[in-house]
Amino acid sequence: MAVWTESEGKSVHDPLYHNFLTTKTDKCIVVDEPVIIGAGPSGLAVAACLKEKGIPSLILERSHCIASLWQLKTYDRLHLHLPKKFCELPLMPYPPGFPTYPTKQQFIAYLEAYAKQYDIKPVFNQTVVSAEYEDGRWRVRTEEGKAYLCRWLVVATGENAEAVIPDIEGLKRYKGKVVHTSAYRSGDMYRGKKVLVVGCGNSGMEVCLDLCNHGAMPSIVVREAVHILPREMFGSSTFGLSVWLLKYLPIQTVDRFLLIISRFMLGDTSRFGLERPHLGPMELKSVSGKTPVLDVGTLEKIKSGDIKVFPAIKHFTKHAAEFIDGRMEEFDAVVLATGYRSNVPLWLKDTEFFSEKDGYPRRPFPNGWKGKQGLYSVGFTKRGLLGASMDATRIAHDIAQCWQVMTKQPNHPTSRPST
């Protein structure tokens, strides 16, 4: 990799490189290759696609490992919510024998094998605090005192960079244990306890089921209408069936079909406090990015009364929660399944490509992967790993066109004749 400091000429793969970085924090490192921010699945996908085209890259990762969200901030029983064929990264399928819905541990093993296959070696423990375009290059600064100059900047920090902690009246004075799902691992420590789960997406529903299976007494807060679909229909994944149907039918027709089958298989969910939105599940996903819940057994626990359903919280007291319907109940603990958000506006000094409001590209999928002046985004499609893989392929192709022209220049480091 042709990475040089402006004053010292050290290569990033020089054995003295890391000592140099720790002692020369005032130096700026000039990077001829693309710099990728984030070593999650999206960042790895871009690096692999570039490597396949003969282009090296430099990944900066704030944590000490790849896929830190998966490795450090997910619950133990987590599986992929979608079938593996929709969750593959470019160029490498899952190993033979993996189940349709791989476990958290299997997915992490796949990512580690992927990084090894394409010799992807991120620079860990580098938290980017600013990235700004100046004088024809992107200047990337880290909390650790490093600065990098590069022609191409790939933002791969994704949709789930920071946990969302809701501002609920009285939550700070509540005396019970409060955790976000990013800190929840298993229901074992909640055995025999009354737990309120705030949030009814896939994570909230699955945490409730996990709590039930470990002998806890969970309740779930459902603030707004939600689509619950069976994970499989007619022996196939609901998501896969939907994707196939959308090739031939209008989205409203597909939604009507999904809702009819769901009503037949699951019954009327509104009877249990789970009203459905006015828009169908696929249309709602397309318009807002809101994903339907793919039921893995939680609904049966709700029907049996093992999981209670409450509306929005009015406020917390020291030991209880009061809800907007007037009910009040005491709880031993609260789990916030309130999701994540992008942190791009905190560090990227560009408001033309990324929105300051939500940290997503202003142009929706499939046109949100490329900005100006060598700026790219991956993992912001609201379409999971499938969308990230599509954008990673586009980014690598686009950079490759510029790279081929640049490396033909006789004074470019990668064009130097071997000695």
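Above this text is the structure in question.
Scoring rules and cut-offs
Residues numbered from 1 in each chain as written. Predicted model: local features only at pLDDT ≥ 70, side-chain atom pairs only at ≥ 80, totals over all residues. Heavy atoms only, no water. Pairing = 2+ DSSP bridges. Helix = DSSP H or I, 4+ residues; strand = E, 2+ residues; numbered from the N terminus. Axes fitted to C-alpha atoms, helices over the stretch in contact; angles between N-to-C directions. Expected span 1.5 Å × (residues − 1). Buried < 20%, exposed > 50% of the residue type's maximum accessible area, 1.4 Å probe, protein only. Arc of directions from axis to C-beta. Contact = heavy atoms within 4.5 Å.

## What about the sheet that holds strand E19 (residues 320-323)?
Reasoning step 1: Read from one edge to the other, the open sheet built from three strands follows the order E18-E19-E20, with strand pairing classed as antiparallel. Since the sheet does not close on itself, it has two edges, and those belong to strand E18 (313-316) and strand E20 (328-330), each with one partner. The sheet shows a mean angle of 25° between the axes of neighbouring strands, taken without regard to direction.
Reasoning step 2: Here E19 pairs with E20 via three bridges, running antiparallel. The partner of Glu322 across the bridge, within E20, is Met328.

## Overview of helix H7 (residues 251-266)
Reasoning step 1: Here H7 is 16 residues long and its end C-alpha atoms lie 22 Å apart, about the 22 Å a rise of 1.5 Å per residue gives.
Reasoning step 2: Buried within H7 are the following residues: Val254, Asp255, Leu258, Ile261, Ser262 and Leu266. In an axial view of H7, the angular spread of the buried residues amounts to 135°, which keeps them on one side of the axis. Pointing more than 90 degrees away from the buried face of H7 are the exposed residues Arg256, Ile260, Arg263 and Phe264.
Reasoning step 3: Summarising the contacts, the buried residues of H7 are in contact with strand E13 (228-230), strand E14 (232-233), helix H6 (238-246), helix H8 (281-288), strand E16 (293-295) and helix H9 (298-304).

## What to know about the side chain of Ser389
Reasoning step 1: Positionally, Ser389 belongs in helix H10 (residues 384-407).
Reasoning step 2: In this structure Ser389 comes out as buried when scored by relative accessible area, which is 8%.
Reasoning step 3: Apart from residues no more than four positions distant in its own chain, Ser389 is found in contact with Glu88, Leu89 and Pro90.

## Notes on H8
Reasoning step 1: All of the buried residues along H8 are Pro281, Met282 and Leu284. End-on view of H8: buried residues confined to an arc of 160°, all on one side of the axis.
Reasoning step 2: For H8, the elements touching its buried residues are E13, H6 and H7.
Reasoning step 3: Positive phi shows up at Gly289, right after H8, with a value of about 85°.

Function cannot be inferred from these measures alone, as they are strictly geometric.
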